[in-house]
Protein chains: 4
Amino acid sequence: LCPDAQARPPAQYAAGPAAGGLFDPMLTSDALALCTSDASWLQAMLDVEAALALAGSDCGLVPDGAAEAIGRCCAAERFDPSDLGRQGRLGANPVIPLVAQLRNAAEAEMPGAGDFVHLGATSQDILDTAGMLVVRAASAVTLAELGRLAAGAAKLAAAHRATVMSGRTLLQQAVPTTFGLKAAGWLVAVLDASEILDHVVSERLAVQLAGAAGTLASLGDAGPAVVTALGSRLRLATPTIGWHSDRTRLAEVANAFAIAAATSGKIALDVSLLMQTEVGEAFEPAAPGRGSSSAMPQKRNPALSAAALACARLAAASAGLFLGSMIQEHERGVGWLQAEWPALTDLMRRAGTAVGLMADVLSGLEVDTAAMAANLAASGGLAMAENVVAQLSKRLPPGQAKRVVEEACLAVRAAGAGSRLDSEVLARLPDGHGVAAGELAAWVDPATYTGSAEWLVDKALERLTLQRARARHPGGSS
Amino acid sequence: LCPDAQARPPAQYAAGPAAGGLFDPMLTSDALALCTSDASWLQAMLDVEAALALAGSDCGLVPDGAAEAIGRCCAAERFDPSDLGRQGRLGANPVIPLVAQLRNAAEAEMPGAGDFVHLGATSQDILDTAGMLVVRAASAVTLAELGRLAAGAAKLAAAHRATVMSGRTLLQQAVPTTFGLKAAGWLVAVLDASEILDHVVSERLAVQLAGAAGTLASLGDAGPAVVTALGSRLRLATPTIGWHSDRTRLAEVANAFAIAAATSGKIALDVSLLMQTEVGEAFEPAAPGRGSSSAMPQKRNPALSAAALACARLAAASAGLFLGSMIQEHERGVGWLQAEWPALTDLMRRAGTAVGLMADVLSGLEVDTAAMAANLAASGGLAMAENVVAQLSKRLPPGQAKRVVEEACLAVRAAGAGSRLDSEVLARLPDGHGVAAGELAAWVDPATYTGSAEWLVDKALERLTLQRARARHPGGSS
Amino acid sequence: LCPDAQARPPAQYAAGPAAGGLFDPMLTSDALALCTSDASWLQAMLDVEAALALAGSDCGLVPDGAAEAIGRCCAAERFDPSDLGRQGRLGANPVIPLVAQLRNAAEAEMPGAGDFVHLGATSQDILDTAGMLVVRAASAVTLAELGRLAAGAAKLAAAHRATVMSGRTLLQQAVPTTFGLKAAGWLVAVLDASEILDHVVSERLAVQLAGAAGTLASLGDAGPAVVTALGSRLRLATPTIGWHSDRTRLAEVANAFAIAAATSGKIALDVSLLMQTEVGEAFEPAAPGRGSSSAMPQKRNPALSAAALACARLAAASAGLFLGSMIQEHERGVGWLQAEWPALTDLMRRAGTAVGLMADVLSGLEVDTAAMAANLAASGGLAMAENVVAQLSKRLPPGQAKRVVEEACLAVRAAGAGSRLDSEVLARLPDGHGVAAGELAAWVDPATYTGSAEWLVDKALERLTLQRARARHPGGSS
Amino acid sequence: LCPDAQARPPAQYAAGPAAGGLFDPMLTSDALALCTSDASWLQAMLDVEAALALAGSDCGLVPDGAAEAIGRCCAAERFDPSDLGRQGRLGANPVIPLVAQLRNAAEAEMPGAGDFVHLGATSQDILDTAGMLVVRAASAVTLAELGRLAAGAAKLAAAHRATVMSGRTLLQQAVPTTFGLKAAGWLVAVLDASEILDHVVSERLAVQLAGAAGTLASLGDAGPAVVTALGSRLRLATPTIGWHSDRTRLAEVANAFAIAAATSGKIALDVSLLMQTEVGEAFEPAAPGRGSSSAMPQKRNPALSAAALACARLAAASAGLFLGSMIQEHERGVGWLQAEWPALTDLMRRAGTAVGLMADVLSGLEVDTAAMAANLAASGGLAMAENVVAQLSKRLPPGQAKRVVEEACLAVRAAGAGSRLDSEVLARLPDGHGVAAGELAAWVDPATYTGSAEWLVDKALERLTLQRARARHPGGSS
């Protein structure tokens, strides 16, 4: 039976091996390795050639049986990627030797069928369309990982909706927040990243069939019909016109994946900072050997977060290529195509892997709520200074409240551990201030000063619910 | 009357001077200079402070008259940007001194009003929200320029729908195309860039009001209501939660502008290549002194395209910052905010300017259709080799057609000017081929081999019509 | 007297104003603003034109008196940068209108002199050579700032040679180090950055005079002599051949400045981390208002470090342009020149400013040695686990030492504050281990385990001494 | 016998396979694939471990025979890179499992030897030092390719010292130059790139041995001695102090390779432009199948240049990582190490490959001197306008010469093919101008107007001679 590209589930370019090599496994999850492997790429190219023959047949350009014969040859295992890659050096392009071999195979399968291989296409048509199939597969995996990451963040947001901890700005303790709100912040960023990637994948993946210079001339009048048939068979949109040298959609795809990676990087950085020895508020899930050091037995390194950060930074560096590649010459430029697809493949590997790593982290994150409380308490109430000023301003003349609190803050800092903001403020209040010590003690209680944190957590969780509902019923009105 | 931010038309942060300085005018159009100037930024910050006071009043947090008093002080001309900038060094942030001065002014305007300045906000709230207003203004200008650029491309596409010229891939003549299709390619890219920018501006510009660490604590229970009121007054969306350290939307904005710039850069490169002395198929519109050289009187340099390319490359380099800045610490990171807004301001200047420059170019492009025909003819029919193979394949055994044409191509190349592909093919045909010389001459006529070029031009023009209609009736079903 | 470019001290393109505007002062020190201002650029261009006339005179191409007349006109204050900038739009280049105005001025000064303005030069010759003069000025300032930064680091390294603190890897406490070694690490990086910048400035700044397309044809046979004379008058090296489209040296200059910026960024990040509320081991020097928050009176933000980090990141983003601009067309490319010099000017501003900011920070850094000791002690000796394993390995069978210590580490972590590694180890030692409790207590004393830290501090300080000596006697053998 | 790292020639980390895979061979030459393969990396790590044991032995820390036993185990073929890579996920680092396996192997080889594996080192020490060995190997290959590229450029420069062609600026014909000077420009850029890479490799490759946090504490007092011994055995410099989080040298290495890549990219772009159908002045060497199209038999694509450009752009994008990675936390940052070495490996592959590709191109470049002459002649002398103005200025009043020539240029452009500048000028000269038609014809002869082109070619060739001499006698005075 002919391998019908339509029958292949979108995320299953999975003929290749899992991640291998000395460094790659650290930066490539098995899921991403599978769907972006050389074998997957090769199968994607062959799926395009098979679908193209069928599209030609749909339009009456290919005789009965030939498309099926070609399709029977379009199995990745019949070709050797490295052989194609090495032959591809001659034309800076592995499609040329692939087409030659496929033509021979089809001819052997059914005499005359070889002439109908690669109908009306140029190499870049095959590469670009196959690339879109690989992007779709990698997106599906990455969106699933983003879903897992969102679930992890949401679970933490819900569980720690009211767990008071210190908010930190410019790496300084600022005012209290809740760990739930922090996790809700991660969640919203992940939902955004999902929607951005989903939008690009839904709207911007398109078939490429434009022929030698964009006119589809070798298909005579049938060009547009073949393009539509090809798109339909591969479930890819038909673009207004070919995009050989309009690389906008690649820049969008690259940016969407890089945003997913950077979102994971943000979470990874936060987890690393929470794991700091002096902070110790949350930890990557423990596993035998994970995060250990070759020299220091006490160490518990943020190993998954480190890998995720590395992925995010590599993805960001790669993304820079695609704005450059938008500026290329005439109907097809020189030397961009050869850079684009390898770079995008790597970028997608890094992005999906970063997301997956942080999904692992959040789903098992160990939270130390006692440490959160202790760190907040350790400052002697300094983190509540904003509130004390606000409360005091109701009792004292304008300006005076702030001045008193500032002086008290300096005193607490100078005195160090054990000193408290409320006592120092009390000691500085003018006569007849009418503020009870108990009142002051309440004003420096962080639990009273988390503002709308819980309300915001709920909003973020509602948005997850909404996104999930929409994902289940994509046809519904929005 | 209080300056109501709502009353300010979106693209009119235009109090500043036109582009000045030694290099800036080359890289900044006056339109972009106006809406992104220091004066515009300052007014945007003041509009946020004014709207915040009104929002506080809406929610019952600000006494009667105070918001109006604050609003009366929120006029850029009352403040000195350089003074604020220099004072801003202390806190790495010009908002701190601005708030102090505004507080004093409001207090002078109405005693007690100073206490209601900057209600519940942190400096970054003002900077981020003001930034969104500046982005909106710069987007409006840039979208208008994109509209002008689309119009220029569309005019060329329609006028030259059937003007035959050489398609060029890897800088080689490939097969014929029409200049209309080339211009339609530009048009589609510009429409895409418009839609991308419009999507980001419509969907992702949001108010920022989150307070010291994201909880809105200093507003008590009123936080969410004030956020909504502020967003409503400034016509900015209310985000799920604050985005102090979730910089996704900045990365999206930066990428959308950089895509607009790169799209202009693509067109600029094509125009530069068409203007090549040896090609000479199209020229930037002439103007006294434009494109002249300080040394060579015969030169007609692609001066506007050069400036547009410079802008596009600068924009691309800047865009790299924003994926990095997504990875920042906790509730607000260290040293990203200070980089983001200046970088984005420059990026928007470059992008809008690049688009405007190329709109000027396309609207007056001088097209030399005779040169197009001559360049295509000069190759002696080589550009028609694909077609000759296709036609001949119907008459000769498989493989033989391609071999004959390849040999003929080599012969034409070797013989040089005056030699023709049809004659060389004819000389190589096997006995009894049954191909008439007239047939062959027709096969090498480029006008017969533009495939679906005209059909594709029409599709592109229809899309422009659609986009314009949608812009006029944004509320209509899509 | 004619303004002799040679007489101008290298770092004194200082006619311009100090940093102004709303955001610029935060990212541009006054020193850098002065030497890279529009006025400085303009004067540099005029210095090149003046020196070119003199060089022409040296070679007998310019009649007596004409070079002097031209020189008298070469004063920046006689020209309006914004007027030139706006006129420069026509040719994407402000030199064309400058030359026209200068020619008129020279002609008015001495009839006939106008013909000898811009002798044999093309606009890019003036721009590139002037750029090199501006680079030299900015380098001199930046090298001085690097010297100041090195001095600050050295002072800390010497003072805290033996101040024990926790070394931190992957943000975890690792093993002890000394603050002196940390500062010595900064010092070595700064010395490297200095040497890299000094190397580029010494070896790679070169005059540009190549004429319309690199042949110097309009100077007849005198071309090379004029180039040499011009280089000599401006104290710039004579390149092997012109570098209109060989932009290697710009990439080197950009990278050298970006490295200086990143080095400052590294120190800024470390200072920010040391200032963390939970760490509190070192602080930016206090100044009224510095690092304060608009909302939180207790805050002491790393404001200078934040600005330095912003500068470093902006510099890194800009640096990306210059590898791209190396790949340009033929004798001069399209649209790179217009991007290069503005981008490099900004990059140099950011780099020099970042260095200067961190020099300010280190020269007044407040170090809390008690906090360093306390943070190290707080882990109950965990940071000494490596040492305990090493010591114990001498007494126990291989493998057993590590296992015992690992279990003890887990116990300390589990028990939390108050628990100590030595007790936990002792409790787990096998019978007859022969380890005295006092021995164990000594093994967990961080002061005994700083290895070669002090020796390494001395090496770093020696290198500073050596670099300073070399700077004083640059002619000496190395 | 123990594998002595010193005995391994610097460029021979060549145990791995040649380039394989679908895309890699296009972007990776076999030479670069060999010296940067996983097998090479693994052997480099093992060489470091072997040398470390010997260095420990040199310093009396390792008992007799143990270092040799360890060394016998340090053969890449005894380990499985993918197994290490997958185990390395736990610690974000393949060195941890490698050390564990090596320890077991050494213990099996000689009981007790296992304890002396990885003496005083942390994983990053091994990775960084091994990385330096791989850099050295890749540099040696790349420098050899640069030598080959220089030789190709030099041959062209010498052969075409006086071959007149059009100089082109902003893609316009400017004034004449010689192809020799163009090639000399390539040569000088290649010599610069060589010197930059050679400088970095000679001066900045350094051993890394700093221990857990930079103090070498686990080596007691012997730390510095072991570092020196290790450096000596591996022929790597001893750094002032460790560089775990001072990544300046990586940024320098990355930039040096990226500059080599960009230099190749510049040449590749020029070759692509010279190969343009309408220009046709030079061509990549022909080879069966090279540069052919899958659709168009007449095509001769710049396939090698396209691959080189792709490599150069990928290298430039990667280089951006390294300025970011300089800004990392404390004694070792989070998630940079994991990105750096994979990125640098790819960058080196791309750079060396780009250089090698262009060496292939230049060594066989087909030059069409007739086309060069014809293209220059085709403009009817416009390219000589600068000269005509200069000559005429000696006869006419100032200003008039330029005006006459400008009008004549416009007339030539308007009239098109066949029209000539000299006739048009003659027709416009005022009465009694005294200019003979023959004089004018001479003024528009490009061969008379190549200025110092040949002299500059000689200078460039002399520099190559000098560089080669220096390479042969590196110890000589310079």
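This report concerns the structure included in the present document. (Residues numbered from 1 in each chain as written. Chains lettered and ligands numbered in written order. Predicted model: local features only at pLDDT ≥ 70, side-chain atom pairs only at ≥ 80, totals over all residues. Heavy atoms only, no water.)

Check the secondary structure of chain A and you find 18 helices and four strands. Projected onto the principal axes, the alpha-carbon positions of chain A cover approximately 105 × 50 × 40 Å. In chain A, buried positions account for 65% of the 478 residues. Across chain A, every contact between residues at least 6 apart in sequence was considered, and the portion connecting residues at least 24 apart equals 75%. Separation of charge centres in chain A, based on 37 positive and 47 negative side chains, amounts to 6 Å. (Helix = DSSP H or I, 4+ residues; strand = E, 2+ residues; numbered from the N terminus. Buried < 20%, exposed > 50% of the residue type's maximum accessible area, 1.4 Å probe, protein only. Contact = heavy atoms within 4.5 Å. Lys, Arg positive; Asp, Glu negative; His and termini not counted. Charge placed at Lys NZ, Arg CZ, Asp CG, Glu CD.)

Turning next to the interface of chain A and chain C. Between chain A and chain C, the residue contacts involve 34 residues of the former and 34 residues of the latter. Taking both partners together, chain A and chain C bury about 3100 Å²; carbon and sulfur atoms supply 56% of that area. Three residues stand out in chain A for area buried against chain C, namely Glu278, Pro297 and Gln298 of chain A, and they jointly supply 22% of the buried area on that side. Put simply, chain A and chain C have two salt bridges between them. Arg168 of chain A is the partner of Glu278 of chain C in a salt bridge, and the nearest nitrogen-oxygen pair spans 2.8 Å. Taken together, chain A and chain C are joined by nine residue pairs in polar contact (both at pLDDT 80 or more). Those elements that place two or more of their residues in the side of chain A that touches chain C are strand 1 (164-169), strand 2 (172-178), helix 10 (248-274), helix 14 (385-393) and helix 15 (400-415) of chain A. (Buried area = accessible area lost by both parts, 1.4 Å probe. Salt bridge = Lys/Arg side-chain N within 4 Å of Asp/Glu carboxyl O. Polar contact = N/O pair within 3.5 Å; in protein donor to acceptor, adjacent residues only side chain to side chain.)

Turning next to the pairing of strand 2 (residues 172-178) of chain D. All names here are of chain D. Summarising burial for strand 2: seven of the seven residues are buried, a large majority. For strand 1 (residues 164-169) and strand 2, the ladder comprises five bridges, and the chain directions are antiparallel. Bridge assignment links Val164 to a residue of strand 2, and that residue is Thr178. Between the antiparallel neighbours strand 1 and strand 2 lie two residues, among them Leu170 with a positive phi of about 50 degrees. (Pairing = 2+ DSSP bridges.)

Here the focus is helix 13 (residues 369-377) of chain C. Residues and elements named next belong to chain C. Inspection of helix 13 places Ala371, Met372, Asn375 and Leu376 among the buried residues, and these make up the whole buried set. The arc that holds the buried residues of helix 13, viewed along the axis, is 135 degrees, so those residues lie on one side. Of the exposed residues in helix 13, those oriented more than 90 degrees away from the buried face are Ala370 and Ala377. N-capping of helix 13 is provided by Asp368, with a side-chain oxygen placed 3.2 Å from the backbone N of Ala370. (Arc of directions from axis to C-beta.)

Each partner contributes to the interface: chain A provides 78 residues, whereas chain B provides 78 residues. Considering only the surface of chain A that becomes buried against chain B, Thr240, Ile327 and His330 of chain A emerge as the three largest contributors, covering 12% of it. Linking chain A with chain B are four salt bridges, by the criterion used here. Across the pair Arg204 of chain B and Asp192 of chain A runs a salt bridge whose closest N-O atoms are separated by 3.2 Å. At the junction of chain A with chain B, the criterion picks out 29 residue pairs in polar contact (both at pLDDT 80 or more). Put simply, the parts of the chain that give the side of chain A that touches chain B at least two residues each are strand 1, strand 2, helix 8 (179-204), helix 9 (223-234), helix 10, helix 11 (303-325) and helix 18 (453-472) of chain A. No other element matches the 15 residues that helix 10 of chain A contributes to the side of chain A that touches chain B. Across the side of chain A that touches chain B, the residue classes break down as 38 nonpolar, 24 polar and 16 charged. (Nonpolar A, V, L, I, M, F, W, Y, C, P; charged D, E, K, R; others polar.)

This model, assessed by the stated rule, comprises twelve aromatic pairs over all chains. Ring geometry for Phe23 of chain A against Trp41 of chain D: centres 5.0 Å apart, planes inclined by 90 degrees, an arrangement best described as edge-to-face. Remark: Trp41 of chain D occurs in helix 3 (residues 38-58) and Phe23 of chain A occurs in the segment before helix 1 (24-27); the pair is interchain, linking two chains. Note on Trp41 of chain A and Trp341 of chain A: the rings are 5.6 Å apart at their centroids and 70 degrees apart in plane angle, and the pair reads as edge-to-face. Of the two residues, Trp41 of chain A sits in helix 3 (residues 38-58) while Trp341 of chain A sits in helix 12 (residues 337-363), which places them 300 residues apart along the sequence. An aromatic cluster is defined as three or more aromatic residues linked by ring pairs; in this entry it consists of Phe23 of chain A together with Trp41 and Trp341 of chain D. When the ring centre of Trp336 of chain D is taken as origin, the NZ or CZ atom of Arg313 of chain A, which lies over that ring, is 3.6 Å away. (Phe/Tyr/Trp six-rings, centres within 6.5 Å; stacked < 30°, edge-to-face > 60°. Lys NZ or Arg CZ within 6 Å of the ring centre and 35° of its normal.)

Here Glu329 of chain B shows up in the loop between helix 11 (303-325) and helix 12 (337-363). Among buried Asp, Glu, Lys and Arg side chains, Glu329 of chain B stands out as unpaired, with Arg313 of chain C the closest opposite charge at 4.9 Å. What Glu329 of chain B contacts, discounting residues up to four positions off in sequence, is Leu171, Lys266, Leu269, Asp270 and Leu273 of chain A, Val334 and Trp336 of chain B together with Leu269 of chain C.

This part takes up the relation of the copies chain A and chain C. Both copies of the chain are tied together by a single rotation about an axis and a shift running along it. The two copies are related by a screw operation: chain A maps onto chain C through 180 degrees of rotation and 0.0 Å of translation along the axis, at an RMSD of 0.1 Å. The two molecules are tied by a two-fold rotation axis, judged by turn and shift. Nearest to the rotation axis, the C-alpha of Glu278 of chain A is located 2.9 Å from it, this being the minimum over chain A. The fraction of interface residues of chain A whose copies in chain C are also interface residues reaches 100%, indicating that both copies meet through the same surface. (Least-squares fit on C-alpha atoms with pLDDT ≥ 70 in both.)

This part takes up the environment of Pro342 of chain D. When you line up the elements, Pro342 of chain D lands in helix 12 (residues 337-363). Residue class for Pro342 of chain D comes out buried when judged on its relative accessible area of 14%. Leaving out residues up to four positions away in the same chain, Pro342 of chain D has contacts with Phe23 and Leu27 of chain A together with Leu337 of chain D.

According to the stated counting rule, one finds 100 salt bridges over all chains in the structure shown. Arg86 of chain A serves as the salt-bridge partner of Asp30 of chain D, at 2.8 Å between the closest nitrogen and oxygen. You can see Asp30 of chain D sitting in helix 2 (residues 30-36) and its partner Arg86 of chain A sitting in helix 5 (residues 81-87), one on each of two chains. Classification of Asp30 of chain D as partly exposed rests on a relative accessible area of 23%. According to the relative accessible area criterion, Arg86 of chain A is partly exposed, its value standing at 34%. In this structure, the salt-bridge partner of Glu340 of chain D is Arg247 of chain D, at a minimum N-O distance of 2.7 Å. Taken as a pair, Glu340 of chain D in helix 12 and Arg247 of chain D in the loop between helix 9 (223-234) and helix 10 (248-274) lie far apart in primary sequence, 93 residues in all. Residue Arg247 of chain D is classed as buried on the basis of its relative accessible area of 1%. A single network of salt bridges, built from pairs that share partners, joins Asp192, Glu195 and Arg463 of chain A together with Arg204 and Glu252 of chain B.

These figures come from the coordinates and say nothing about function on their own.
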